[in-house]
Amino acid sequence: TVPATSDLSLKTNTGTIDVSGISGQLVLSSNTGSVRASSGTLSGSSMLTSNTGSITFNGSIAASGNYTFQTNTGTVNVSLPRETAFRVDATTDTGSISTNFPGLTVDHPNPMGAQVHGSVGTSPTATLLLKTNTGSITLNQG
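Just so we're clear, the structure is a prediction, and the values are computed from it rather than from any experiment. (Residues numbered from 1 in each chain as written. Predicted model: local features only at pLDDT ≥ 70, side-chain atom pairs only at ≥ 80, totals over all residues. Heavy atoms only, no water.)

Side note on the overall build of the chain
Helix and strand counts for the chain come out as zero helices and 13 strands. Secondary structure elements of the chain, listed N to C terminal, follow the sequence β-β-β-β-β-β-β-β-β-β-β-β-β. Relative to a compact globule of 142 residues, whose C-alpha radius of gyration would be 14 Å, the chain shows 14 Å and is just as compact. Taken along its principal axes, the extent of the C-alpha atoms in the chain is 45 × 35 × 20 Å. (Helix = DSSP H or I, 4+ residues; strand = E, 2+ residues; numbered from the N terminus. Rg over C-alpha atoms; globule rule 2.2 N^0.38 Å.)

Written as structure tokens, this is what we have:
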């Protein structure tokens with residue numbers, strides 16, 4: 001248990017990281033296991049990463065900052081509030097991308113992968129990087 005506003009840096013070699021209700025800069029990394037964060041606000045240069053495992057974020061991001069959601073093998077699922085403004089670069093080498101944010105278009109540069117590059121909202125200063133080599137990406141208004 002930590003205060004609701006905390007900067008966290010958690011790393012595990014094997015196992016799941018699950019953080020709920022924390023606002024701050026989160027650096028969460030698992031070599032083999034899923035990383036989940038919910039009900040908080042990311043800030044600064046937050047990163048949720050895994051080598052083999054899914055990445056799931058359901059919360060808010062600060063108006064400016066760099067937010068990375070990345071796995072080598074697994075899915076990336078990010079849900080943000082409808083009013084969030086951000087720039088996004090999302091890529092999967094083998095898999096699909098889906099989003100219900102208006103103005104974002106999924107491109108297919110090769111038969112197996114997909115990408116999305118674009119902006120949502122007015123004057124976005126937050127940047128999202130969503131990446132998986134093998135797996136799908138979902139970016140939705142939640």
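A few points about the sheet that holds strand β4 (residues 35-42)
Taken in spatial order, the six strands of this open sheet run β2-β4-β6-β8-β13-β10, and their pairing is parallel. Every interior strand has two partners, whereas the edge strands, β2 (17-20) and β10 (97-99), have only one. Recorded for the sheet is a direction-independent mean angle of 10° between the axes of neighbouring strands. Where β2 meets β4, four bridges bridge the pair, whose relative direction is parallel. Note on β4: the bridge partner recorded for Val19 is Ala37. (Pairing = 2+ DSSP bridges. Axes fitted to C-alpha atoms, helices over the stretch in contact; angles between N-to-C directions.)

A look at the environment of Thr49
Looking at the element boundaries, Thr49 is found in strand β5 (residues 45-52). Residues Thr49 and Thr71, spaced 22 residues apart in sequence, show a C-alpha to C-alpha distance of 5.6 Å.

Notes on the nonpolar core
Ranked by internal contacts, the top residues of the largest apolar core, which has 32 residues, are Phe69, Phe86, Leu128, Leu130 and Leu139. Apart from the residues lying within four places of it in its own chain, the contact partners of Phe69 are Leu42, Leu48, Ile55, Phe57, Val76, Val78, Leu128, Leu129, Leu130 and Lys131. (Core = buried A, V, L, I, M, F, W, Y, C linked by side-chain atoms within 4.5 Å. Buried < 20%, exposed > 50% of the residue type's maximum accessible area, 1.4 Å probe, protein only. Contact = heavy atoms within 4.5 Å.)

Description of the sheet that holds strand β9 (residues 86-94)
Strand order in the open sheet formed by seven strands is β1-β3-β5-β7-β12-β9-β11, with mixed pairing between adjacent strands. Strand pairing shows two members of the sheet lacking a second neighbour, β1 (8-14) and β11 (114-120), which therefore form its edges. Ignoring which end each strand starts from, the neighbouring axes of this sheet average 5° apart. Across six bridges, the pairing between β1 and strand β3 (residues 26-32) is parallel. Looking across to β3, one finds that Lys11 is bridged to Ser29.

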